[in-house]
Structures are given as structure tokens and as C-alpha cells.
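Inside the fold
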Amino acid sequence: SSKSQLPYSVRGKSHPNPLARRLFEVAEAKKSNVTVSADVTTTKELLDLADRLGPHIAVIKTHIDILSDFSEDTITGLKALATKHNFLIFEDRKFIDIGNTVQKQYHNGTLRISEWSHIINCSVLPGEGIVEALAQTAQAPDFPYGSDRGLLILAEMTSKGSLATGAYTSASVDYARKYHSFVLGFVATRALGEVESSVAPAEGEDFVVFTTGVNLSSKGDKLGQQYQTPQSAIGRGADFIIAGRGIYAAPDPVEAAKQYQQQGWEAYLARVGG
Ligand code: S5P
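Here's what I pulled together on the structure shown here. None of the values given here were measured: they were computed from a predicted structure.

Rules and cut-offs
- Each chain carries its own residue numbering, running from 1 in the direction its sequence is written.
- Confidence filtering applies because this is a predicted model: local features only for residues at pLDDT of at least 70, side-chain atom pairs given and counted only at 80 or more, and all residues used for totals across whole chains, interfaces and linings.
- Side-chain numbers come from the whole structure's heavy atoms, not from hydrogens or water.
- Salt bridge, as applied in this entry: a Lys or Arg side-chain nitrogen positioned within 4 Å of an Asp or Glu carboxyl oxygen.
- Note on conventions: DSSP H or I runs of at least 4 residues are helices, E runs of at least 2 residues are strands, and numbering of each starts at the N terminus.
- Exposure is judged per residue with a 1.4 Å probe applied to protein chains only, and the accessible area is read against the type maximum: over 50% gives exposed, under 20% gives buried, and values in between give partly exposed.
- By nonpolar core we mean a set of buried residues, namely Ala, Val, Leu, Ile, Met, Phe, Trp, Tyr and Cys, connected to one another through side-chain atoms within 4.5 Å.
- Contacts are assigned to residue pairs that have any heavy atoms within 4.5 Å of one another.
- If a single non-hydrogen atom of a residue is within 4 Å of a molecule or strand, that residue counts as near it.
- Think of a polar contact as two N or O atoms within 3.5 Å of one another; within protein, one of them needs to be a possible hydrogen donor and the other a possible acceptor, and neighboring residues in sequence only count if both atoms come from side chains.
- Only the protein chains shown count as cover for residues, and the accessible areas themselves come from Shrake-Rupley with a 1.4 Å probe.
- For this classification, the nonpolar set comprises Ala, Val, Leu, Ile, Met, Phe, Trp, Tyr, Cys and Pro, the charged set comprises Asp, Glu, Lys and Arg, and every other residue, Gly included, is treated as polar.

**Here's the deal with the pattern of salt bridges**
Counting across every chain of the model gives 16 salt bridges. The salt bridge involving E115 is made with K79; its shortest N-O contact spans 3.7 Å. In this pair, E115 is assigned in helix 6 (residues 113-116) and K79 in helix 4 (residues 72-85), connecting sequence segments 36 residues apart. A salt bridge links R190 to E156; its shortest N-O distance comes to 2.6 Å. Linking R190 in the loop between strand 6 (183-187) and strand 7 (208-211) with E156 in the loop between strand 5 (150-154) and helix 8 (166-178), this pair joins segments that are 34 residues apart in sequence. In this structure R190 comes out as partly exposed when scored by relative accessible area, which is 31%.

**Points about the nonpolar core**
Note that soluble globular proteins tend to have their nonpolar side chains buried in a common cluster. Counting 85 residues, the largest nonpolar core has I60, V131, L134 and F210 as the members making the most contacts within it. Tallying contributions element by element places helix 11 (residues 253-272) first for this core, with seven residues. Ignoring sequence-local partners within four residues, the contact set of L134 consists of F95, V102, Y106, I120, C122, L151 and F182.

**A few points about the site of the ligand**
Around the ligand, 15 residues are found, and the nearest of them are D39, T158, T212, Y227 and R245. Between the ligand and H63 there is a distance of 2.9 Å, counted from an oxygen atom to a side-chain nitrogen or oxygen. In the model, an oxygen atom of the ligand is placed 2.9 Å from a nitrogen or oxygen of the G244 main chain. Here the ligand, which alone exposes 490 Å², has 90% of that area covered by the protein. Residue composition of the shell around the ligand, grouped by class: three nonpolar, six polar and six charged.

Right, here's the structure in full:
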């Protein structure tokens, strides 16, 4: 966003969204803009990773449906570690369905995502209704988890041949603007300030950009994933960098997390001129 030259502390103070304020506060307090994508397949591995990497990350991103043993212990453990290490939880569920269905997938259900995940994301392929539906659930007067919830719109994808471009990306910006009290920002490969939108920005608009596909030692995988470095992502407008295998599959994940933390933070400081 046009705010990307400002320090997190400044953006955190003035941001209208309480969860965005908290996100910036966490980043500043821990000097980390790293989100680890903890794509492991058992609760033990997930909680172990969260506990070891916790001090170095701002956010943990989960794919809770890849766990072979999801249970109450998964939720209790994750929530406790989020408090212990002061990080936020982002369930990368990529909701993509009609409003009525995504409300049920988000709130209650087997995975109880609304109960433990601060941040969720969705595709706007189904149209505006998906954003409206998720906002409606999280902002209902009887929603039990308060204002501690926010949505990222999946505006672009890192995989080869992605169709999340052009009109799709523009619609992502439109709906983010229209539902800005619930939409924190985007998962995208760059800042989207220049993207054409039919909705005018609110005064002081400050969407947060999460960029995935970040890896220090690889250019991609055999299934179409395409990587960039922390420096490149932050230079293009990422506020938070998301790394999965670059961290959890490294010989020493803690050392790797520290490395991404340091490089991500230095690139951020260079951008804000600090
Ligand atoms: O465009 C995208 C969006 C996402 S959320 N490309 C992605 O790779 N992701 C997710 O980021 C993906 O589902 C995975 O959890 C993570 C990337 O993992 P890595 O191991 O390739 O770093």
C-alpha cells in the first residue's frame, strides 16, 4: 500500500482494524515479519514446530486439514503456544464456495476454525458474496470471539500459470475496499495499490500484504511453485513473508527461521529507511 514506507509501529497505531493493529504490534515487538507455513502432518510435529519457532515468527500459518490426528489437543496446544510466544494464527483454508457453505466451514463444524484462527483467507472466485458471508459471521453480535478475527483475500497465486490475475485481482481489491472492516489485506506477490478497482479507497486505507512462495535456497518445486527471496518480496510490497519448506524442511528449522527473520527484518528496515 502507499503506507508501505511507514514503520509497522506507525501503521499499527493508526490502523482502524484491531487485528491489524495487533499484527503490527507483534511484528514490532518481535522484530519479525515472518509467517511460517507449518505444513506438517501430525499434531505433535505442528506443536513442536510452533514452540521451537515461536520466538522468531509473527504468525503461524496452518493447513489444519492435512493433520492426520486433528483433535481438541491440536486446538488447545496451538492456542497456548500463540499466547506463550505472542504470535497470531492464520488458517490457510482458502474458502471458495457460496456464502451459505463457507459460513458453515468457518464457524463450528469439525475444524472449528473461527474458534482458534485469528486470520483466514478466501478466494473471490465465487464473487462478492463469499466476503460478505465471512464478514457477517465474524461480525455478528453473538460471534463469541470478538473483533480478534480478520480476512485476507487471495488476490494472486505463486503457482505457475495462475489464473488469479487481471479482473480477478481487481475484484479482490474491490471487495477488500467494500468490506474493509473485516478484510485485513491480501495474499499477493506484490503491493496492489496500482491495481484498477471500481471502488474508491477509504481515507487512510492500509491493506496488509502477505507474500508466500518465499525461499532462500530454491527457485521452485516440481509442481509449479515459484519462489522469490525475502528481499525481493518485501521490495515488491510484502509486509509479511510466508515461508514453508524453506524453514520447516531445513536441516535446522530454528536456524532457518532466524535467518528468514533477520533477512525479512533488514529488508523491511531498508524499505522504511530505518
Ligand atoms: O499463492 C499462494 C498462496 C498460498 S497461501 N502460494 C502458496 O504457496 N500458498 C501457500 O504457501 C501454500 O499452500 C503453502 O502452504 C505455502 C508455501 O509453502 P512452501 O513450502 O512452498 O514455502
